[in-house]
Amino acid sequence: MKAIRTTLLCLLLATYGNAQKVSVSPVVSAGYSLIKYFNADGSKLETDEGKFPTPAYTRGMALRFSIDLFDWMDLSLQMGVQYTYFDLFIDGDFSMKGYENAPDYTLDWIHMGYEQNLMYFAVLPEFSILPEKQLFVRLGPAVNFPAKDGYLNTGSPSYNPISVIDEDGYHHYGVEDFNPNQSHPYMLLFNIGGQWGTEKLKFLVEGGYIHIPKSKFEKGDYVFSGHYLPSTGFSILQVSVGVNYYFN
């Protein structure tokens, strides 16, 4: 956090003197997130039924500070949260690769949850396509600080929703038998939008895409037999609305 504060201060000091306009924008967002699954070796997983998971409703809010550098470019400093809950019901089985030298196996689960609650910080360049930012594009990376990011047991403590089939037969696990937490340290944001209004206050509308790459697999993520829960990645489409207030 100290490094982020230092970076933010340096950017403000370096650009404020030449800035023509400085603005602040509270924004709320809503849309859908699609979860994707991966083996420990990075290969994408699909069930033997060949069906895609159902997207989950996602929402977020952010506070954005923008500095007008040129007529055609702003720099946005954005802090926000993004929350999604997935009610996972997998139709079909996953063909899993055993971790390290463990044998391959089949993974099947009946009913679990996945909760993702990300706090993030981003420095995003913003490019104007039409004058007065009536149409603009904003894109760049964000650093995540997850409050919660992982699989959940939706039943009682004795509920074992995960079935594993390997050369030794059937095994039944609960979520707590694995390391259910995932690691998504960063994501990529892309927004296209526009704003309209008075000189001081403008109404803001954006359409956005967020790409969260697959989680990094750690050795501690598997149980003694080499079984593990799939790594996850996410694609988010959402609409954002807010206001943009100019200080000068």
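To keep things clear, this report deals only with the structure shown in the data block. (Residues numbered from 1 in each chain as written. Predicted model: local features only at pLDDT ≥ 70, side-chain atom pairs only at ≥ 80, totals over all residues. Heavy atoms only, no water.)

## Focus on the overall build of the protein
The helix and strand tally for the protein stands at one helix and 13 strands. Taken across its 248 residues, the protein has 46% of its residues classed as buried. A fraction of 74% describes how many contacts in the protein between residues 6 or more apart in sequence connect residues 24 or more apart. (Helix = DSSP H or I, 4+ residues; strand = E, 2+ residues; numbered from the N terminus. Buried < 20%, exposed > 50% of the residue type's maximum accessible area, 1.4 Å probe, protein only. Contact = heavy atoms within 4.5 Å.)

## Topic: the nonpolar core
Y37, W109, Y151 and I162 are the most contacted members of the largest nonpolar core, which totals 37 residues. For this core, the element with the most residues is strand β7 (residues 112-130), which contributes six residues. (Core = buried A, V, L, I, M, F, W, Y, C linked by side-chain atoms within 4.5 Å.)

## As for a nonpolar patch on the surface
On the surface, a cluster of nonpolar side chains totalling about 940 Å² of accessible area is made up of V28, M61, W196, L201, F203, V239, V241, V243, Y245 and F247. Of all the secondary structure elements, the ones that give two or more residues to the nonpolar patch are β12 (201-212) and β13 (231-246). Of the residues forming the nonpolar patch, the biggest block, four residues, is contributed by β13. Along the chain, F247 falls in the segment after β13. (Patch = residues over 30% accessible without salt bridge, like charges linked within 9 Å, V, L, I, M, F, W, Y side chains within 5 Å. Areas by Shrake-Rupley, 256 points an atom, 1.4 Å probe, with all protein chains shown as cover. Salt bridge = Lys/Arg side-chain N within 4 Å of Asp/Glu carboxyl O.)

## Observations concerning the sheet that holds strand β10 (residues 169-173)
Read across the open sheet, the four strands follow the order β5-β6-β9-β10; overall the sheet is antiparallel. Here the strands that pair on one side only, and so sit at the sheet edges, are β5 (94-96) and β10. Between one strand axis and the next, the sheet turns through 30° on average, direction left out of account. Sheet topology note: the β5/strand β6 (residues 105-109) ladder contains three bridges and is antiparallel. Of the residues in β6, the one forming a bridge with M96 is Y105. (Pairing = 2+ DSSP bridges. Axes fitted to C-alpha atoms, helices over the stretch in contact; angles between N-to-C directions.)

## Examining the pairing of β10
As a general feature of sheets, a regular strand has side chains that alternate between the two faces. The pairing of strand β9 (residues 162-166) with β10 spans five bridges and is antiparallel. Its bridge partner lying in β10, I165 is registered against Y170. The turn joining β9 and β10, which pair antiparallel and follow one another in sequence, is formed by two residues.

## Considerations on the packing of aromatic side chains
Taken as a whole and judged by the stated rule, the model has eleven aromatic pairs. Ring geometry for F70 versus W72: centroids 5.4 Å apart, planes at 10°, classification stacked. Relative to Y151, the ring of Y114 has its centre 5.1 Å away and its plane inclined at 80°; by these criteria the two rings are edge-to-face. Taken together, the residues Y114 in strand β7 and Y151 in strand β8 (residues 135-152) connect sequence positions 37 residues apart. We note that Y114, like Y151, is buried. These aromatic residues form a ring-pair network of at least three members: F86, Y114, Y151 and F234. (Phe/Tyr/Trp six-rings, centres within 6.5 Å; stacked < 30°, edge-to-face > 60°.)

## Notes on the pattern of salt bridges
This structure, assessed with the given rule, holds six salt bridges. In this structure, E132 and K21 form a salt bridge, with 3.9 Å as the shortest nitrogen-oxygen distance. One end of the pair, E132, is in the loop between β7 and β8; the other, K21, is in the loop between α1 (2-16) and β1 (22-38), with 111 residues separating them in the sequence. A salt bridge links E126 to K133, with the shortest nitrogen-to-oxygen separation between them at 2.6 Å. For E126, a relative accessible area of 1% translates into the label buried. Owing to a relative accessible area of 6%, K133 belongs among the buried residues under this scheme. Salt bridges sharing common partners tie together R64, D74, E126, K133, R138 and E206.

## What about the side chain of S231?
Assignment of secondary structure puts S231 in strand β13. In contact with S231, not counting residues within four places along its chain, are K36, Y37, F38, Q182, S215 and F217.

## What about the environment of G226?
Among the secondary structure elements, G226 is positioned in the loop between β12 and β13. Using a relative accessible area of 4% as the deciding quantity, one classes G226 as buried. In sequence terms G226 and Y99 are 127 residues apart; their C-alpha atoms lie 4.9 Å from each other. Excluding its chain neighbours within four sequence positions, the residues that come into contact with G226 are G98, Y99, A102 and Y105.

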